[in-house]
Amino acid sequence: RKAGAQEAVSRGFQSFAKRDYGPAMRRFNQAWVLDPDYPETYRGFALVLIERDRKPAEAEAMFKKGAGLPGASAGLLADYGRFLVLTKRLKEAIPVLERGAAVEGEPVDQLKAQRLLADAYYDEKQFDKACPLAKKIIDKVEEGRARESMQFIVTSPRCEG
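Sequence order as written defines the numbering, with residues in each chain counted from 1. Totals for whole chains, interfaces and linings use all residues, but because this is a predicted model, local features are given only for residues with pLDDT of at least 70 and pairs of side-chain atoms are given and counted only at 80 or more. In computing side-chain values, all of the structure's heavy atoms are included and hydrogens and water are not.

**Quick word on the overall build of the chain**
Thinking step 1. Counting from the N terminus, the helices are the DSSP runs of H or I reaching at least four residues and the strands are the DSSP runs of E reaching at least two. A tally of regular secondary structure across the chain gives nine helices and zero strands.
Thinking step 2. Its helices and strands in sequence order give the chain the pattern α-α-α-α-α-α-α-α-α, from N to C terminus.
Thinking step 3. In this treatment the radius of gyration is a C-alpha quantity, and the globule benchmark scales as 2.2 Å times the residue count to the 0.38 power. Over its C-alpha atoms the chain spans a radius of gyration of 16 Å, differing by no more than 12% from the 15 Å that the globule rule assigns to 161 residues.
Thinking step 4. Dimensions of the chain, computed from C-alpha atoms along their principal axes, come out at roughly 55 × 30 × 25 Å.
Thinking step 5. Across the 161 residues in the chain, those meeting the buried criterion constitute 47%.
Thinking step 6. We call two residues in contact when some of their heavy atoms are within 4.5 Å. Sequence separation of 24 or more characterises 47% of the internal contacts of the chain that already satisfy a separation of 6 or more.
Thinking step 7. Accessible area for the chain stands at about 9,000 Å²; split by element, carbon and sulfur atoms hold 51% of it.
Thinking step 8. By the counting scheme adopted, Arg and Lys are positive, Glu and Asp are negative, and His together with the chain ends is not counted. Throughout, a charge is located at the NZ atom of Lys, the CZ atom of Arg, the CG atom of Asp or the CD atom of Glu. For the chain, the distance from the average position of its 28 positive side-chain charges to the average position of its 24 negative side-chain charges is 3 Å. Buried means the residue's accessible area, taken with a 1.4 Å probe over protein chains only, is under 20% of the maximum for its type, while exposed means over 50%, and partly exposed covers the values in between. The method behind every accessible area is Shrake-Rupley, applied with a 1.4 Å probe, and residues are considered shielded solely by the protein chains displayed.

Below you can see the structure in the form of C-alpha cells.
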C-alpha cells in the first residue's frame, strides 16, 4: 500500500507540474486511500488547494497534517515554510524551515529549505544565523532570484567579518 501511495503521489506531482490540477488531486486522493499516513500526500493536497482552489486556510491544514507525520520531507517542510513566509508569519516559518533544512533527503529540497531559512533569519534580524547559512549555501544556489537573495545577505553590512 505504501509503494502504491508513493507511486500515486509521484504521478500526482507530474500532473501538478503540468498545471493539470484535476488529475493531480485525483492521484493525491488515491494515495490517501492507500496510505493516509504518507506525508507527501498532504503536500500535494496543499499545493493544489493553493494553486487551483485559492484556499489558503485549507492548504495550511494539509501542510500541518503532513508536517506532523513521521517522515515529513524537506520538500514538504520547505513548501510549508514558504507558505508561512508568504503569509508574513516568519516566526512560525523559522522552526518549520529549520526542520526542513535538517531533514535528510533530496538535496534540492534541503537547499530550498536552507535558502528560505536564511532569508527568514535575515528578515527577523537574526543576522548571526542568516549570514553563516547564506555563506554556506551561496555556491549551491542556482542563478536567479534565489542566488541574488543569498548574495544580498552575504554582502550586507550586517554580515561583515
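Picking up after the structure, the text goes on.
**Things to note about the nonpolar core**
Thinking step 1. Nonpolar cores are built from buried Ala, Val, Leu, Ile, Met, Phe, Trp, Tyr and Cys residues. Side-chain atoms within 4.5 Å join them into one set. Counting 52 residues, the largest nonpolar core has V48, Y80, L117, M150 and I153 as the members making the most contacts within it.
Thinking step 2. When residues in this core are grouped by element, the largest group, eight residues, is from helix α7 (residues 107-123).
Thinking step 3. Here Y80 is in contact with E60, F63, K64, A67 and V96, once residues within four sequence places are set aside.

**Examining the pattern of salt bridges**
Thinking step 1. For this analysis, a salt bridge means a side-chain nitrogen from Lys or Arg found within 4 Å of a carboxyl oxygen belonging to Asp or Glu. The final tally for this structure, using the stated rule, is 12 salt bridges.
Thinking step 2. The shortest N-O distance in the salt bridge between R89 and E92 comes to 3.0 Å.
Thinking step 3. Look at R89 and you get partly exposed, because its relative accessible area is 22%.
Thinking step 4. Taking the shortest distance from any N to any O, the salt bridge between R147 and E143 comes out at 3.6 Å.

**A look at the side chain of Q114**
Thinking step 1. Inspection of the secondary structure puts Q114 in helix α7.
Thinking step 2. Aside from chain neighbours lying at most four places away, what touches Q114 is A101, L133, K136 and I137.

**Focus: the environment of R11**
Thinking step 1. You can see R11 is positioned in helix α1 (residues 2-17).
Thinking step 2. In sequence terms R11 and P23 are 12 residues apart; their C-alpha atoms lie 8.9 Å from each other.

**A word on the packing of aromatic side chains**
Thinking step 1. Pairing of aromatic side chains here covers Phe, Tyr and the six-membered ring of Trp, requires ring centres within 6.5 Å, and sorts the geometry by plane angle: under 30 degrees stacked, over 60 edge-to-face, intermediate tilted. For the structure shown, the criterion picks out eight aromatic pairs.
Thinking step 2. Summarising the aromatic geometry, the rings of Y42 and F45 are spaced 6.0 Å apart at their centres and angled 80° between planes, so their arrangement reads as edge-to-face. One end of the pair is Y42 and the other is F45, both in helix α3 (residues 39-51) and three residues apart, which spans about a single turn.
Thinking step 3. Judged by centre distance (5.4 Å) and plane angle (15°), the rings of F63 and Y80 are stacked. A residue pair is termed long-range when its members are at least 10 positions apart, and F63 in helix α4 (residues 56-67) and Y80 in helix α5 (residues 74-86) qualify at 17 residues.
Thinking step 4. A relative accessible area of 1% means that F63 is categorised as buried.

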